[in-house]
Each structure stands twice: as C-alpha cells, then as structure tokens.
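Residue-level structure breakdown
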Amino acid sequence: MSDNDSRKDLRMPDDDEVFAIVTDMLGANRVKVRCMDGVERTARIPGKMQKRIWIREDDVVLVEPWDWQDEKADITWRYEKQDADQLREEGHIQE
C-alpha cells in the first residue's frame, strides 16, 4: 500500500477558523493556544466539548477568534494525534 491509501479527509478550517496548538492549560475551561496566524490567544473549551473531548498540551485544535476581542477564541475542534501528524506532513501546521 502507498502512503496515499492511509490519508484521511480531515476537517479543514472555515473562513473564520484557524489552526492552533495548545501551549498551556489555564484551568476553568481555558487554554493558551498559539495560532497559525501568529497570534497567541486564550481559548475557551465550550460546554458541549467539556468531559466529552479531553484537550491536553500540544494538541492541535481549530479555534474561532472572537470578532470583538482578537486575543480570545473558542475551540471548535480537536484533532487526534495521527490526524495532527498528517496535517504537519501536508504543511498546514508549522511548529
């Protein structure tokens, strides 16, 4: 089998979303993320993700920056480790 056979179609960011890497856990459902647009933001873990999807440091997530406060965002999606590795290989995420 070739590498193309193992490639999955992953959820890509919408117009208002960006890739981000979790850099620090702040507590109270908040994390510090480094976004691929060069901005470091404080992101919220929404209630529908709490206790269902566990987010840890170095996870790759999709965030939606707030319109009225650019240094804050909401997390909309978390990628599994193998999906994050695929995104890195394809060049979507730069460390």
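Since we're looking at a predicted model, the values are computed, not measured.

What counts, and at which threshold
Residues numbered from 1 in each chain as written. Predicted model: local features only at pLDDT ≥ 70, side-chain atom pairs only at ≥ 80, totals over all residues. Heavy atoms only, no water. Helix = DSSP H or I, 4+ residues; strand = E, 2+ residues; numbered from the N terminus. Rg over C-alpha atoms; globule rule 2.2 N^0.38 Å. Buried < 20%, exposed > 50% of the residue type's maximum accessible area, 1.4 Å probe, protein only. Contact = heavy atoms within 4.5 Å. Areas by Shrake-Rupley, 256 points an atom, 1.4 Å probe, with all protein chains shown as cover. Lys, Arg positive; Asp, Glu negative; His and termini not counted. Charge placed at Lys NZ, Arg CZ, Asp CG, Glu CD. Arc of directions from axis to C-beta. Polar contact = N/O pair within 3.5 Å; in protein donor to acceptor, adjacent residues only side chain to side chain.

Quick word on the overall build of the protein chain
A count of helical and extended segments in the protein chain gives one helix and five strands. For the protein chain, the α and β elements follow one another from N to C terminus as β-β-β-β-β-α. For 95 residues, the compact-globule estimate of 2.2 N^0.38 gives 12 Å, and the protein chain sits close to it at 14 Å. In terms of principal-axis extent, the alpha carbons of the protein chain reach across some 45 × 30 × 20 Å. Out of the 95 residues belonging to the protein chain, those deemed buried represent 34%. By sequence separation, contacts in the protein chain at least 24 residues apart represent 52% of the contacts at least 6 residues apart. Entry remark: accessible area of the protein chain is about 6300 Å², with carbon and sulfur atoms responsible for 45%. With 16 positive and 24 negative side-chain charges, the protein chain shows a separation of 7 Å between the mean positions of the two kinds.

A short note on helix α1 (residues 81-89)
If you check which residues of α1 are buried, you get Asp83, Ala84, Gln86 and Leu87. The arc that holds the buried residues of α1, viewed along the axis, is 155°, so those residues lie on one side. In α1, the exposed positions that point more than 90 degrees away from the buried face belong to Lys81, Gln82 and Glu89. The secondary structure elements touched by the buried residues of α1 are β1 (18-27) and β4 (60-65). Trailing α1 by a residue or two, Gly91 shows a phi angle of about 90°, which is positive.

Digging into the side chain of Arg41
By the secondary structure assignment, Arg41 is in strand β3 (residues 40-44). A polar atom in the side chain of Arg41 sits 3.2 Å from the side chain of Asp37.

Spatial relationships are all this shows, so hold off on functional conclusions.
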